[in-house]
Amino acid sequence: MRFTKGNQIGAKTRFGPDWPGQRCGAKTRAGTPCKRAVVSGKARCPLHGGRSTGPRTEAGRTKIAALHTTHARLLKGRRAEAKRRAAEGRRIRAELRDLEALAISQGWLDQNWRDDWS
């Protein structure tokens, strides 16, 4: 008799290709979907986090949120700062256009002054 980890008796018939229950579906190291049964009420098997209760404290929630932030440009505070900088840039460019129009109307600049710079 061969000893294996856990109870393997009937595993092939319990979780074979015709098993009607829900599968884990997490990616294995080989890149294939996990075929183990999910934990009741969850979407993953015990090996892929089905028993996890998630963070309980505010510090834990903050840590998980920081770990799952992949694009800092999408954070609310940074997005607001980017919008503020963009609005400031639009305001400065509009002011420069007004100054250019004034300089051209007063004769301080030639109408085609930009062509001379290229």
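Trainee: Even after reading the chapter, I still don't get the side chain of Glu100, so can you show me in this structure?
Mentor: Mapped onto the fold, Glu100 is located in helix H3 (residues 76-106). Residue classification places Glu100 among the buried positions, given a relative accessible area of 18%. Ignoring anything within four residues of it in the chain, the contact list for Glu100 reads Trp113 and Arg114.

Trainee: Is there a simple way to think about a nonpolar patch on the surface in this case?
Mentor: On the surface, a cluster of nonpolar side chains totalling about 530 Å² of accessible area is made up of Ile92, Leu96, Leu99, Leu102 and Trp108. Mapped onto the elements, Leu102 comes out in helix H3.

Trainee: Please explain the pattern of salt bridges as it appears in this structure.
Mentor: Side chains carrying opposite charge are able to pair once their charged atoms draw close together. Evaluated as defined, the whole model comprises 6 salt bridges. Two residues, Arg85 and Glu81, come together in a salt bridge whose shortest N-O distance is 3.7 Å. Taken together, the residues span about one helical turn, with Arg85 and Glu81 both in helix H3 at a distance of 4 residues. Three or more residues are tied together by salt bridges with common partners; here these are Glu81, Arg84 and Arg85.

Trainee: Hey, could you run me through the confidence of the model for the protein in this one?
Mentor: Atomic detail in the predicted coordinates should be set aside for any region of low pLDDT. Of all residues in the protein, 85% attain a pLDDT of 70 or more, and the chain-wide mean is 84. Per-element confidence in the protein is highest for H3, whose mean pLDDT is 93, and lowest for helix H1 (residues 11-14), whose mean pLDDT is 64.

Trainee: For this particular structure, what's the right way to read H3?
Mentor: The α-helix winds at 3.6 residues per turn, so residues separated by three or four positions along the chain end up facing the same way. Taking 1.5 Å of rise per residue, the 31 residues of H3 would be expected to cover 45 Å, and the 45 Å separating its terminal C-alpha atoms lies within 8% of that figure. Turning to H3, its buried residues are Gly89, Glu100 and Ala103. Buried residues along H3 sit in contact with helix H4 (113-117). Gly107 lies just past H3 and shows a positive phi near 90 degrees.

Trainee: Could you clarify how one ought to interpret the state of the cysteines in this entry?
Mentor: Put plainly, two cysteines are in a disulfide when a covalent bond ties their sulfur atoms together. Taken as a whole and assessed by the stated rule, the structure comprises 0 disulfides. Left without a disulfide partner, Cys34 is nearest to the cysteine sulfur of Cys45, which lies 3.9 Å away. Sulfur of Cys45: no disulfide; nearest cysteine sulfur belongs to Cys24 and is 3.7 Å away.

Reading guide: rules and limits
- Residues numbered from 1 in each chain as written.
- Predicted model: local features only at pLDDT ≥ 70, side-chain atom pairs only at ≥ 80, totals over all residues.
- Heavy atoms only, no water.
- Helix = DSSP H or I, 4+ residues; strand = E, 2+ residues; numbered from the N terminus.
- Buried < 20%, exposed > 50% of the residue type's maximum accessible area, 1.4 Å probe, protein only.
- Contact = heavy atoms within 4.5 Å.
- Patch = residues over 30% accessible without salt bridge, like charges linked within 9 Å, V, L, I, M, F, W, Y side chains within 5 Å.
- Areas by Shrake-Rupley, 256 points an atom, 1.4 Å probe, with all protein chains shown as cover.
- Salt bridge = Lys/Arg side-chain N within 4 Å of Asp/Glu carboxyl O.
- pLDDT = per-residue confidence, 0-100.
- Expected span 1.5 Å × (residues − 1).
- Disulfide = S-S within 2.5 Å.

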